[in-house]
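Okay, here's what each chain looks like letter by letter:
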Amino acid sequence: MKLKFEQKKPGRIRQTVQPIDIEIDGSPSTVAELIDATVRSCVARFNLKTCSAPSRDRMDEDSTHAPVSEKQIEDFAETGRVAFGIVYNGKMADPDNAVENALQSYEDGLFRIFLNGKPLGELETKIELTEGDCLTVVRLTLLAGRLW
């Protein structure tokens with residue numbers, strides 16, 4: 001099933017977020033299953049990127065990665081970080097560990113998920129997904145200050 005996926009992070013200068021298409025397996029019926037399927041899809045994409053990264057010894061010889069344009073550098077600088085799309089550590093992510101971490105983070109309130117603009121509830125909440133639905137993930141952060 002193909003979904004539109006938006007990830008918004010607070011504190012960024014750039015205010016626009018472009019949704020990306022994400023392919024998940026099956027049709028999740030609960031929030032927990034949706035998180036599981038989405039995280040596994042993202043981990044698979046990350047691991048594929050890790051496998052295709054050039055080795056450190058042959059970084060200069062690799063010609064498969066296009067050079068970064070001036071426009072891309074300006075866009076990266078606007079967000080505060082210039083990245084080249086290369087995974088330098090070369091370690092593969094464990095999908096089971098990532099799913100466990102994501103479910104715990106959702107229970108702890110570290111991020112919220114919106115399906116077509118409507119917030120999703122607890123992990124056991126039933127949902128109905130259709131092809132092309134839009135998922136928005138908002139990572140929540142604590143504000144610095146004196147609380148105690």
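These numbers come from a predicted model, not from an experiment.

Some thoughts on unusual backbone geometry
Non-glycine residue Asn-116 carries a positive phi angle of around 55°. Examined against the element boundaries, Asn-116 turns out to sit in the loop between β3 (111-115) and β4 (118-119).

Structural notes on a negative patch on the surface
On the surface, Glu-107, Asp-108, Glu-122 and Glu-124 cluster together into a patch of negative charge. With respect to the secondary-structure elements, Glu-122 resides in the loop between β4 and β5 (134-139). With relative accessibility at 59%, the residue Glu-122 sits in the exposed group.

Things to note about helix α3 (residues 95-107)
For α3, with 13 residues, the first-to-last C-alpha span of 18 Å sits near the 18 Å given by 1.5 Å per residue. Here α3 has its buried residues at Val-99, Ala-102, Ser-105 and Tyr-106. Seen along its axis, α3 keeps its buried residues to an arc of 130°; they face one direction. Exposed side of α3, more than 90 degrees from the buried face: Glu-100 and Glu-107 are the residues found there.

Calculation notes
- Sequence order as written defines the numbering, with residues in each chain counted from 1.
- Where totals are concerned, whole chains, interfaces and linings use all residues; where local detail is concerned, this predicted model gives features only for residues with pLDDT of at least 70, and gives and counts side-chain atom pairs only at 80 or more.
- As a convention, hydrogens and water are excluded, and side-chain values are obtained from all of the structure's heavy atoms.
- Comment: elements are numbered from the N terminus, with helices defined as DSSP H or I runs of at least four residues and strands as E runs of at least two.
- Within the patch definition used here, like charges are joined within 9 Å and nonpolar side chains (Val, Leu, Ile, Met, Phe, Trp, Tyr) within 5 Å, considering only residues with over 30% relative accessible area and no salt bridge.
- Accessible surface area values rest on a Shrake-Rupley calculation with a 1.4 Å probe, where residue burial reflects the displayed protein chains alone.
- For salt bridges, the criterion is a side-chain nitrogen of Lys or Arg within 4 Å of an Asp or Glu carboxyl oxygen.
- Charge convention: Lys and Arg are scored as positive, Asp and Glu as negative, and His as well as the terminal groups of each chain are ignored.
- By convention, charge coordinates are those of NZ in Lys, CZ in Arg, CG in Asp, or CD in Glu.
- Note on exposure labels: buried denotes an accessible area under 20% of the residue type's maximum, exposed denotes more than 50%, and partly exposed covers the range between, all computed with a 1.4 Å probe on protein chains only.
- Any helix carries an expected span of 1.5 Å times its number of residues minus one.
- The arc under discussion is defined with respect to the helix axis, by the directions toward the C-beta atoms.

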